[in-house]
Amino acid sequence: MRFSPIAQISRSALNHNVARLQQVAPHSKIMAVLKANAYGHGLVQMAQWLKGIDGFGLARIEEALALRDSGINARMVLLEGVFSEADLEQAASHQLDVVIHDAEQVALLCQAQLSQPLRIWLKIDTGMHRLGVQPDEFAALYQQLTESTNVQQPLNLMTHFAVADELENPQTVKQIQCFNRLTAQLPGERTLCNSAGALSWPAAHGDWIRPGLALFGGNPMVGGRAAGQQLQPVMTMRSKVLAVRDLAAGEPVGYGQSWRSNNATRIAVVAMGYGDGYPRHAVSGTPVLINGQRYPLAGRVSMDMITVDVGSAKVQVGDDVVLWGQGLGVEEIAECASTIAYELLCSTTARVAYEYID
Ligand SMILES: *Cc1c(COP(=O)(O)O)cnc(C)c1O
């Protein structure tokens, strides 16, 4: 028996989520965002499972080249752009779309000597204030790019939302209006929506949606749960009980003795710790599934283990544990650790084994 964590990755859940996103945004193509090792699910494997999808979004050129090397021919977009002429040439020769998000990148692209024109997305900063050209410089930069022989025409248009996960926040409408005002008369394809935009802002679906988290079954909406969006968790983090301890009332558990039992109880020690990517800041009371039942985490998370208060339940060494995934939403665990589902999914460490199923 294996007493170490396994991230089980479900193909049927991934297919379900793709179908769900197609249903939510029926007139848009899907750019599956696979940055950060496909949110911890395995970059190449996820791209292979998603063969047939319209395209992929990546943060860094290395990620896209890894996919090309493994024989993936689909359209790919480098969401952060590239930073040297050599990278521009690599992007052009590997048929990678590049996001252009500031005046320096426009200049670099227009002056480069490229073997072939590049497909680009000009990104507008409509309020996120991270990447993107400013609304008042957009027209001039757009003009320069339309005149460049290094650019495949027509060029494409993009923006990114800051608070699409907050339904009541008027900022998203302002961002959509700003984008539409600047781009109304222009040709080319448009993309505005991450997962939260795709799920909640249909007016912004455009030609392409760019889901990451939702593909993997996470609900990006504030306070959201996967089931609330009819999504299924692709990753289920599993492990085993490696020891059980009976405790007298008032006895502490773990480092710092931060938790004490009120009554006589049983503690299950589970093979999963922050060295595997379980969040160290998960508080006592964070739910853990053992044999399908929820029990509270008791005491501090260690590097290789957590301790769980199972009361009087007949829990034994070797019993099955789910840390998040099927039956226990990753969003809930993230909240108990004051973080977000995104961070938990992409924090699994190298010693966690992966099992790809159905
Ligand atoms: C990461 C990212 C996405 C995907 O975001 P999710 O919230 O995971 O759907 C989309 N677009 C851009 C530009 C990104 O950086």
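See the structure shown above.
Since the structure is predicted, the reported quantities are computational estimates derived from the model, not experimental observations.

**Section: the pairing of strand β1 (residues 6-10)**
Right, so step 1: Taken across its 5 residues, β1 has 4 buried, putting it largely inside the fold.
Right, so step 2: Sheet topology note: the β1/strand β18 (residues 353-357) ladder contains 5 bridges and is parallel. Counterpart to Ile-9 in the pairing with β18 is Tyr-356.
Right, so step 3: The pairing of β1 with strand β10 (residues 235-247) spans 4 bridges and is classified as antiparallel. Along β10, the bridge assignment pairs Gln-8 with Thr-236.

**Focus on the environment of Ile-306**
Right, so step 1: Inspection of the secondary structure assignment puts Ile-306 in strand β16 (residues 306-311).
Right, so step 2: Since its relative accessible area comes to 0%, Ile-306 is described here as buried.
Right, so step 3: Each C-alpha atom of the pair Ile-306 and Gly-254 lies 8.7 Å from the other, and the pair is 52 residues apart in sequence.
Right, so step 4: Apart from residues no more than four positions distant in its own chain, Ile-306 is found in contact with Ala-268, Val-269, Val-270, Met-272, Tyr-278, Val-288, Leu-297, Val-301 and Leu-323.

**Some details on unusual backbone geometry**
Right, so step 1: The omega torsion of the bond from Gln-153 to Pro-154 falls at -5°, within 30 degrees of zero and hence cis.
Right, so step 2: Within the fold, Pro-154 resides in the loop between α7 (135-146) and β7 (156-158).
Right, so step 3: One non-glycine residue with positive phi stands out, namely Gln-230, at about 55°.
Right, so step 4: Secondary-structure assignment places Gln-230 in the loop between β9 (208-209) and β10.
Right, so step 5: Residue classification places Gln-230 among the partly exposed residues on the basis of a relative accessible area of 48%.
Right, so step 6: The phi dihedral of Asn-291 falls on the positive side, at around 50°, and the residue is not glycine.
Right, so step 7: With respect to the helices, strands and loops of the structure, Asn-291 is situated in the loop between β14 (287-290) and β15 (293-296).
Right, so step 8: The class for Asn-291 is partly exposed, based on a relative accessible area of 41%.

Cut-offs and rules
Residues numbered from 1 in each chain as written. Predicted model: local features only at pLDDT ≥ 70, side-chain atom pairs only at ≥ 80, totals over all residues. Heavy atoms only, no water. Buried < 20%, exposed > 50% of the residue type's maximum accessible area, 1.4 Å probe, protein only. Helix = DSSP H or I, 4+ residues; strand = E, 2+ residues; numbered from the N terminus. Pairing = 2+ DSSP bridges. Contact = heavy atoms within 4.5 Å.

Function cannot be read off these values alone, since they describe shape.
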